[in-house]
Amino acid sequence: MQASVHPVSKLPQVGTTIFTVMSKLAADCGAINLSQGFPDFQPEPALFDAVERAMWDGRNQYPPMSGLPELRAGIAAKVEALYGARYDADSEVTVTAGATQGLFTAIAAFVRSGDEVIVFEPVYDSYGPAVETVGGKLVRLSLSFPDYRIDWAAVRAAIGPHTRMIIVNSPHNPTGSLLSAADLRELAALTAGTDIIVLSDEVYEHIAFSPEGHQSVARLPELAARSLIVSSFGKTYHITGWKVGYVLAPAELTSEFRKVHQFNVFTVNTPAQAGIASYMQDASHHLGLADFYRAKRDFFRDAMAATKFELLPCHGTYFQLARYGRISSLGDRAFAEWLTREVGVAVIPVSAFYADGRDDGVVRFCFAKQEATLLSAVEHLRAL
Ligand SMILES: Cc1ncc(COP(=O)(O)O)c(C=O)c1O
């Protein structure tokens, strides 16, 4: 159909996300898809049983706007047990339609036209468009290469009178780096006495491999007091397609968050919430996740040692970065496309996470796959 109006795009730079592009190319070429981050294995049957039970029990109508009480209580209990932070289940925990909606709603609730939002590149791709949609201005800082750490002096220099929000992500997609306790103290010190809100994307909170484990901003009371923390059951229970997540924040921030949330999605799938609430009572599911993915990471890294890829460290998430300079001098997008079409393995070029397309010759593999999938991908890559 021919449009009769021609609006000026609010997001002129935005096209289809690289994840969709590479997954489609993988499907078109019959390539093994190690690009988009999703498991190729099933969640546990107990989770299906719990959701089915909820449906037969008649839990099929609108739940409360903020989420089912038993799910919010389960989340609050888990967060207290893990990070020692007390969030009130009624006024400080909100169930969202995945982390993506939590992030967008948080940005829409607090960022006004002209406000500055500091992000760190390589940056997860949903933050920027959300900020720009509501008229905010992105201040893009780079993580150091190749260890992908935050330069706190640069953050100090970037903070100004218009800074409204700082968005951090740990464990970090795409790099697998982690914020340390010292990083959190820096963030707390730099924001002390300001009106800056911290939006902390912690969707991979249960996939941290270092002995210190995941450093949630919830661990530091002075930081938690100005933060919205976003997480996702998609990553934790192998259900990325269910799109159920949550946001934690002090009551005053949650109240503003919910003003937007209730007109954005209003409520989130009832049977999924009820099923997750029942399933999460067994803490072994989330507590076992780091070991589960550590074994996959080590399996993949060991197998990849027989290829010419040079693997960067992976401290968390289910992503592995690799340099490919010993194989090709192509730019990373061209290399990823070539690898998908000609070698039969789809990956994500890391330049996609930089606004200016900065290209360090690094691609991202997802190892949230069955060993057989990883092995057959490595079989292809060994030939290079
Ligand atoms: C860093 C990060 N944040 C947010 C999301 C979105 O999570 P959800 O699928 O729950 O919306 C993802 C998913 O890949 C992610 O990697």
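Up top is the structure these notes are about.
Before going into details, it helps to say that this report is about the structure given with it.

### Things to note about the side chain of Gln 273
Then, number 1: By the secondary structure assignment, Gln 273 is in helix H11 (residues 270-279).
Then, number 2: Separated by 2.7 Å, the side chain of Gln 273 and the backbone nitrogen of Leu 68 make a polar contact.
Then, number 3: Within the local environment of Gln 273, its side chain forms a polar contact with the backbone oxygen of Val 268, the two atoms lying 2.7 Å apart.
Then, number 4: The contacts of Gln 273, once residues within four sequence positions are left out, are Pro 63, Gly 67, Leu 68, Leu 71, Val 95 and Val 268.

### Notes on the packing of aromatic side chains
Then, number 1: Taken as a whole and judged by the stated rule, the model has 19 aromatic pairs.
Then, number 2: By way of ring pairs, the aromatic residues Phe 41, Tyr 204, Phe 292, Tyr 293, Tyr 318 and Phe 319 are connected into one cluster.
Then, number 3: For Arg 364, the ring lying beneath its charged end belongs to Phe 319, and the centroid distance is 3.7 Å.
Then, number 4: Sitting above the plane of the Phe 38 ring, Lys 369 keeps its charged end 4.1 Å from the centroid.

### Remarks on the packing of helix H4 (residues 98-110) against helix H10 (residues 251-264)
Helix-helix packing: each pair is described by the crossing angle between the helix axes and the interaxial distance.
Then, number 1: The interhelical angle for the contact between H4 and H10, taken along N-to-C directions, is 115°, at an axis separation of 9 Å. Comparing the axis directions of H4 and H10 gives the class roughly perpendicular. For H4 against H10, the interelement crossing comes out right-handed. Counting all contacts with H4, which are made through Gln 101, Gly 102, Thr 105, Ala 106, Ala 108, Ala 109 and Phe 110, the residues of H10 involved are Leu 253, Glu 256, Phe 257, Val 260, His 261 and Asn 264.

### Here we look at H10
Then, number 1: For H10, with 14 residues, the first-to-last C-alpha span of 19 Å sits near the 20 Å given by 1.5 Å per residue.
Then, number 2: At Arg 258, H10 shows its maximal bend, which comes to roughly 25°.
Then, number 3: For H10, every residue scored as buried is listed here: Leu 253, Thr 254, Phe 257, Arg 258 and His 261.
Then, number 4: The inward-facing, buried residues of H10 abut helix H3 (69-83), strand S2 (93-96), H4, strand S6 (197-201), strand S7 (227-232) and strand S8 (245-248).
Then, number 5: One or two positions beyond H10, positive phi appears at Phe 266, with a value near 70°.

### Brief notes about the sheet that holds S6
Then, number 1: What the seven strands build is an open sheet, ordered S2-S8-S7-S6-S5-S3-S4; its pairing is mixed. Two strands in the sheet have a free side with no partner beyond their single neighbour: S2 and strand S4 (137-142). Taking each pair of neighbouring strands and ignoring which way they run, the sheet shows an average axis angle of 20°.
Then, number 2: As judged from the six bridges shared by strand S3 (residues 116-121) and S4, these two strands associate in the parallel manner. Within the sheet, the bridge partner assigned to Val 117 lies in S4 and is Leu 138.
Then, number 3: Most of the contacts of H10 go to S2, to which it runs at about 25°, and overall it touches S2, S6, S7 and S8.

### Remarks on the side chain of Thr 340
Then, number 1: Within the secondary structure, Thr 340 sits in helix H14 (residues 332-343).
Then, number 2: Setting aside chain neighbours within four positions, we find Thr 340 in contact with Met 22, Leu 25, Ala 26, Cys 29, Ala 31, Val 345, Ala 346 and Val 347.

### Remarks on the pattern of salt bridges
Then, number 1: Counting across every chain of the model gives 14 salt bridges.
Then, number 2: Arg 297 is the salt-bridge partner of Asp 298, the closest N and O atoms lying 3.0 Å from each other.
Then, number 3: Look at Asp 298 and you get partly exposed, because its relative accessible area is 31%.
Then, number 4: Exposure remark for Arg 297: the relative accessible area of 16% places this residue in the buried category.

### Points about the state of the cysteines
Then, number 1: In total, this model carries zero disulfides according to the counting rule given.
Then, number 2: You can see Cys 29 has no disulfide; the closest cysteine sulfur is in Cys 366, sitting 18 Å from it.
Then, number 3: Unpaired in this structure, Cys 314 has its nearest cysteine sulfur neighbour in Cys 366, at a distance of 11 Å.

### Quick notes on the sheet that holds strand S10 (residues 319-323)
Then, number 1: Pairing in this open sheet of four strands is antiparallel, and the strands run S9-S10-S13-S12 from one edge to the other. What marks the edges here is a single partner per strand, and that holds for strand S9 (310-311) and strand S12 (348-349).
Then, number 2: Here S10 pairs with strand S13 (residues 362-366) via five bridges, running antiparallel. Bridge assignment links Gln 320 to a residue of S13, and that residue is Phe 365.

### Looking at the site of the ligand
Then, number 1: Residues in close proximity to the ligand total 13 residues, the closest being Thr 100, Asp 201, Ser 232, Lys 235 and Lys 243.
Then, number 2: Within the side chain of Tyr 204, one N or O atom sits 2.7 Å away from an oxygen atom of the ligand.
Then, number 3: Between the ligand and Lys 235, the relevant distance is 2.6 Å, taken from an oxygen atom to a side-chain nitrogen or oxygen of the residue.
Then, number 4: Its free accessible area being 400 Å², the ligand has 92% of it covered by the protein chains.
Then, number 5: Counting residues per element, the shell around the ligand draws most heavily on H4, at four residues.
Then, number 6: Tallied by class, residues from the shell around the ligand come to five nonpolar, five polar and three charged.

Reading guide: rules and limits
Residues numbered from 1 in each chain as written. Predicted model: local features only at pLDDT ≥ 70, side-chain atom pairs only at ≥ 80, totals over all residues. Heavy atoms only, no water. Helix = DSSP H or I, 4+ residues; strand = E, 2+ residues; numbered from the N terminus. Polar contact = N/O pair within 3.5 Å; in protein donor to acceptor, adjacent residues only side chain to side chain. Contact = heavy atoms within 4.5 Å. Phe/Tyr/Trp six-rings, centres within 6.5 Å; stacked < 30°, edge-to-face > 60°. Lys NZ or Arg CZ within 6 Å of the ring centre and 35° of its normal. Axes fitted to C-alpha atoms, helices over the stretch in contact; angles between N-to-C directions. Parallel < 35°, antiparallel > 145°, perpendicular 65-115°, else oblique. Left-handed = near helix turned anticlockwise from the far one by under 90°. Expected span 1.5 Å × (residues − 1). Bend = angle between axes of the 7 residues up to and from the residue. Buried < 20%, exposed > 50% of the residue type's maximum accessible area, 1.4 Å probe, protein only. Pairing = 2+ DSSP bridges. Salt bridge = Lys/Arg side-chain N within 4 Å of Asp/Glu carboxyl O. Disulfide = S-S within 2.5 Å. Near = heavy atom within 4 Å. Areas by Shrake-Rupley, 256 points an atom, 1.4 Å probe, with all protein chains shown as cover. Nonpolar A, V, L, I, M, F, W, Y, C, P; charged D, E, K, R; others polar.

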